[in-house]
Amino acid sequence: DESVSSGIVTLDGSASNGIGAANATSVSFSHTTGTGANRLLLVGASWNCGSTTRTISSVTFTYGSNTLNLSQKVLQETASTAQRFAAIWYSPTEPPQNTSGTVTVTFSGAVTNGIVAGAANFAGVDLTTPFTSFGGANSSSTGTTQSVTLSALNGNELVFDTVFIGASTPPDPTVGSGQTKLWSNTTSNTRGVASTEQAAGSSVQMSWSTGSTTVAWASAAVAIKPAAAGTTYDLTMAVSPSGGGTTTPAVGTHAYAEGTVVNISATPATGYEFSSWTGSVANSASASTAVTMNGSKTVTANFVEVEGVVLDG
């Protein structure tokens, strides 16, 4: 059935990350964009310039012959130990849907002590005004917990943070309560981490515990604003015959936002093989295919018995 849903921002697909070793001038890594509606791509970067400041000159997502240029939203430097940074860049236009490509973060020169960067997709975003609030925090060699607080929230945002942690051997920190870790990677004496947390009030504190008082750190965070309530449709999954196999998503009814491309798959039980899909799917002959939610859909995975296999019972 069609229904109206409350606005909510969701993590859309898998996050990706990569590293640039000492003296690299850029870092590149593979990434696949999300399948949901109202998509936003965020890139978080952490880097250590040693004694020579290096800035990010561009962040791009390249797919085929196309390039999406991202824009900087937050830049935060460590406190007394300079030339160590955390930054968040975002897609000012909606990225392509379910598309594989390469994220490249390019710097103004060689970054002497390492780069960590990652990318995450979000769906259900107010693309006109994607952020309610943003900011950063920093310190150097003080305290065991790194945190940044965003205030003046509506209480329905999804908050994303990325943090630079620097030390001779950067510790792998513990993510704060209520946060979901997206990545933690390290190279040289730089560690970069990222996470999300669902807001439930007017402020959110994003924190990481390192267990060490001898780290320099810089945190950057954004509160992603959800799009206005929109339409959802029901996807009903079924199998034939009963017991012939399973599906992903599971047999039953699932709600998705209008425009979502849902990846579906069929797995035969012992003694069966996949035959075809019945319903509005991208490829009825493939066990792994997709459904576009431009209306409520019912799809059935059809299985057939394999000749010569004796079934129990």
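Residues numbered from 1 in each chain as written. Predicted model: local features only at pLDDT ≥ 70, side-chain atom pairs only at ≥ 80, totals over all residues. Heavy atoms only, no water.

Assigned secondary structure in the protein consists of 0 helices and 26 strands. Its C-alpha atoms put the protein at 70 × 45 × 40 Å along the principal axes. Taking all 313 residues of the protein together, 50% fall into the buried category. Across the protein, the fraction of contacts at a sequence separation of at least 24, relative to all contacts at a separation of at least 6, is 75%. As displayed, the protein offers around 12,900 Å² of accessible surface, 45% of which is attributable to carbon and sulfur atoms. Side chains of the protein give 8 positive and 16 negative charges; the mean places of these two sets differ by 19 Å. (Helix = DSSP H or I, 4+ residues; strand = E, 2+ residues; numbered from the N terminus. Buried < 20%, exposed > 50% of the residue type's maximum accessible area, 1.4 Å probe, protein only. Contact = heavy atoms within 4.5 Å. Areas by Shrake-Rupley, 256 points an atom, 1.4 Å probe, with all protein chains shown as cover. Lys, Arg positive; Asp, Glu negative; His and termini not counted. Charge placed at Lys NZ, Arg CZ, Asp CG, Glu CD.)

A few words on the nonpolar core. Trp-47, Ile-56 and Val-105 are the most contacted members of the largest nonpolar core, which has 23 residues in total. Going through the elements one at a time, β4 (24-32), β5 (40-48), β6 (56-63), β9 (84-90), β10 (100-111) and β11 (115-123) are the ones with two or more residues in this core. Discounting chain neighbours no more than four positions away, the residues touching Ile-56 are Ala-45, Trp-47, Ala-87, Trp-89, Val-105, Thr-106 and Phe-107. Judged by nonpolar contacts, the second largest core, of 22 residues, contains Ala-86, Ala-120, Val-125 and Leu-158. (Core = buried A, V, L, I, M, F, W, Y, C linked by side-chain atoms within 4.5 Å.)

On to the side chain of Gln-83. Among the secondary structure elements, Gln-83 is positioned in the loop between β8 (71-77) and β9. Look at Gln-83 and you get buried, because its relative accessible area is 18%.

Turning our attention to the sheet that holds strand β17 (residues 190-198). The strands that make up a sheet are held in pairs by hydrogen bonds between backbone atoms, and each pair lies either parallel or antiparallel. Strand order across the open sheet formed by 5 strands is β12-β19-β14-β17-β16, with antiparallel pairing between neighbours. The open sheet has two edge strands, β12 (131-140) and β16 (180-187), and neither has a second partner. Averaged over all neighbouring strand pairs, the angle between strand axes comes to 10°, with direction disregarded. Strand direction decides the pairing type here: strand β14 (residues 158-166) and strand β19 (residues 216-224), joined by 9 bridges, are antiparallel. Each bridged residue has a counterpart across the sheet, and for Thr-162 the counterpart in β19 is Ala-220. (Pairing = 2+ DSSP bridges. Axes fitted to C-alpha atoms, helices over the stretch in contact; angles between N-to-C directions.)

Time to look at the side chain of Ser-139. Along the chain, Ser-139 turns up in strand β12. Dropping the residues within four chain positions of it, Ser-139 is found in contact with Thr-78, Ala-79, Ala-216 and Trp-217.

All right, on to unusual backbone geometry then. Along the chain, Ser-240 connects to Pro-241 via a cis peptide bond; the corresponding omega equals -5°. Checked against the element boundaries, Pro-241 lands in the loop between β20 (230-240) and β21 (245-248). Residue Pro-249 is reached from Thr-248 by a cis peptide bond, and omega for that bond is -5°. By the secondary structure assignment, Pro-249 is in the loop between β21 and β22 (252-257). With a phi close to 50°, Asn-98 is a non-glycine residue in the positive phi region. Within the fold, Asn-98 resides in the loop between β9 and β10. By relative accessible area, Asn-98 is classed as partly exposed at 38%.

Glancing now at the environment of Asn-17. By secondary structure assignment, the location of Asn-17 is in strand β3 (residues 16-20). Between the alpha carbons of Asn-17 and Asn-98 there is a distance of 17 Å; along the sequence they are 81 residues apart. Residues within four places of Asn-17 in sequence aside, it is in contact with Phe-29, Ala-117, Gly-118, Trp-183 and Asn-185. Polar contacts involving the side chain of Asn-17 include one to the side chain of Asn-185, which spans 2.7 Å. (Polar contact = N/O pair within 3.5 Å; in protein donor to acceptor, adjacent residues only side chain to side chain.)

Another point: the environment of Thr-300. Among the secondary structure elements, Thr-300 is positioned in strand β26 (residues 297-305). Along the primary structure Thr-300 and Val-239 are separated by 61 residues, whereas in three dimensions their C-alpha atoms are 5.1 Å apart.

The strand order across the open sheet built from 4 strands is β4-β10-β6-β7, with neighbouring strands paired in antiparallel fashion. Sheet topology places β4 and β7 (66-69) at the edges, where each strand pairs with a single neighbour. Strand-to-strand twist across the sheet, computed as the mean angle between neighbouring axes with direction ignored, equals 25°. Both β6 and β10 contribute to a ladder of 6 bridges, which runs antiparallel. Considered in β10, the bridge of Ser-58 is made with Thr-106.

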